[in-house]
Amino acid sequence: AEDGIRDTSVTRVQTCALPIYSVWAGNITVTNTTAATSSNSGALTVAGGVGVGGNVIAASFQPVGSALPANGMYLPNSNTLGWSTNSTAHMYLDPYGNLSINTTSIAQVGYQTTSLTVNGATTAVVGLYTGNTQRGYISANSSQLNLVS
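Model, not experiment: these values are computed from the prediction.

Conventions adopted
- Residues numbered from 1 in each chain as written.
- Predicted model: local features only at pLDDT ≥ 70, side-chain atom pairs only at ≥ 80, totals over all residues.
- Heavy atoms only, no water.
- Helix = DSSP H or I, 4+ residues; strand = E, 2+ residues; numbered from the N terminus.
- Buried < 20%, exposed > 50% of the residue type's maximum accessible area, 1.4 Å probe, protein only.
- Contact = heavy atoms within 4.5 Å.
- pLDDT = per-residue confidence, 0-100.
- Pairing = 2+ DSSP bridges.
- Axes fitted to C-alpha atoms, helices over the stretch in contact; angles between N-to-C directions.

### What to know about the overall build of the protein
Right, on to step 1. Helix and strand counts for the protein stand at zero helices and twelve strands.
Right, on to step 2. Counting the 149 residues in the protein, one finds 11% classified as buried.
Right, on to step 3. Here the analysis covers contacts within the protein between residues at least 6 apart in sequence; of these, 0% occur between residues at least 24 apart.

### Remarks on the environment of Thr103
Right, on to step 1. The topology assignment puts Thr103 in the loop between β6 (99-101) and β7 (108-109).
Right, on to step 2. Residues within four places of Thr103 in sequence aside, it is in contact with Tyr92, Thr117 and Asn119.

### Observations regarding the confidence of the model for the protein
Right, on to step 1. Summary statistics for the protein give a mean pLDDT of 76 and a share of 66% for residues scoring 70 or more.
Right, on to step 2. The least confident element of the protein, judged by mean pLDDT, is strand β1 (residues 9-11) at 50; the most confident is strand β4 (residues 80-85) at 93.
Right, on to step 3. Every residue in residues 1-8 is under pLDDT 50, and counting partners more than four places away or in other chains gives ten contacts.

### Digging into the environment of Leu116
Right, on to step 1. Secondary-structure assignment places Leu116 in strand β9 (residues 116-118).
Right, on to step 2. Not counting residues up to four positions away in its chain, the partners in contact with Leu116 are Leu99, Ile101 and Val126.

### Observations regarding the sheet that holds strand β10 (residues 124-130)
Right, on to step 1. An order of β10-β11-β12 is seen for the three strands of this open sheet, with the pairing classed as antiparallel. In this open sheet, the two strands that pair with only one neighbour each are β10 and β12 (145-148). Across the sheet, the mean angle from the axis of one strand to that of its neighbour is 15°, orientation sign disregarded.
Right, on to step 2. Where strand β11 (residues 133-140) and β12 come together, four bridges link them in antiparallel fashion. Pairing of Ile138 across the sheet is with Leu147, part of β12.

### With respect to the side chain of Ser84
Right, on to step 1. Tracing the sequence through the fold places Ser84 in strand β4.
Right, on to step 2. On the basis of relative accessible area, Ser84 is assigned to the buried category, the value being 4%.
Right, on to step 3. In this structure Ser84 touches Leu68, Pro69, Ala70, Asn71, Gly72, Tyr74, Ala89 and His90, once residues within four positions along its chain are discounted.

### What to know about unusual backbone geometry
Right, on to step 1. Backbone geometry places Asn79, a non-glycine residue, at a positive phi of 60°.
Right, on to step 2. Assignment of secondary structure puts Asn79 in the loop between β3 (72-77) and β4.
Right, on to step 3. One non-glycine residue, Asn102, adopts positive backbone phi at about 60°.
Right, on to step 4. Relative to the assigned elements, Asn102 resides in the loop between β6 and β7.
Right, on to step 5. Judged by its relative accessible area of 38%, Asn102 falls in the partly exposed class.

### Side note on the pairing of β3
Right, on to step 1. The pairing of β3 with β4 spans four bridges and is classified as antiparallel. The residue bridging Asn77 from the neighbouring strand is Thr80, located in β4.
Right, on to step 2. Hairpin connection, β3 to β4: the antiparallel pair is bridged by two residues, and Asn79 has positive phi, about 60°.

### Focus on the side chain of Thr80
Right, on to step 1. In this fold, Thr80 is placed in strand β4.
Right, on to step 2. Contacts of Thr80, omitting those with residues within four sequence positions, involve Tyr74, Leu75, Tyr92, Leu93, Asp94 and Pro95.

### Describing the sheet that holds β3
Strand pairing in a sheet relies on backbone hydrogen bonds, with the paired strands running either antiparallel or parallel.
Right, on to step 1. Strands sit in the order β3-β4-β5-β6-β9 across an open sheet of five strands; the sheet is mixed. Looking at strand neighbours, the two that pair on one side only are β3 and β9, the edges of this open sheet. For this sheet, the mean angle separating the axes of adjacent strands, direction not counted, is 25°.

In structure tokens:
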């Protein structure tokens, strides 16, 4: 072809500047035997946003940013995953598997670290389910704790 870009399989290329087409039909395959690491961005690096009109399938997803996104997953601390919506942090999973909701810190009960910390604006509620049927809940506010079955 005149532009030299018709074979959409690019193998072992460090940098490849492709022309931008307004309509692209078919698949693009990028192959690289080196997996992405902290010093290597892997088979394909895109500077800027990527829009996907279908499903994205991958062996793993590893966020790299520590800044709070408007909506999404990020790394607020070393080995800690965070989730946000509406530019507000809502959930954290620490390196030990402890989950906190609506708070940045994992609660301590005596000398024990809690596995689940829930912080509600006025009331914190945890539903208890088996087989998609609610079996009870735990709720707490500033004056009382309720265990309901």
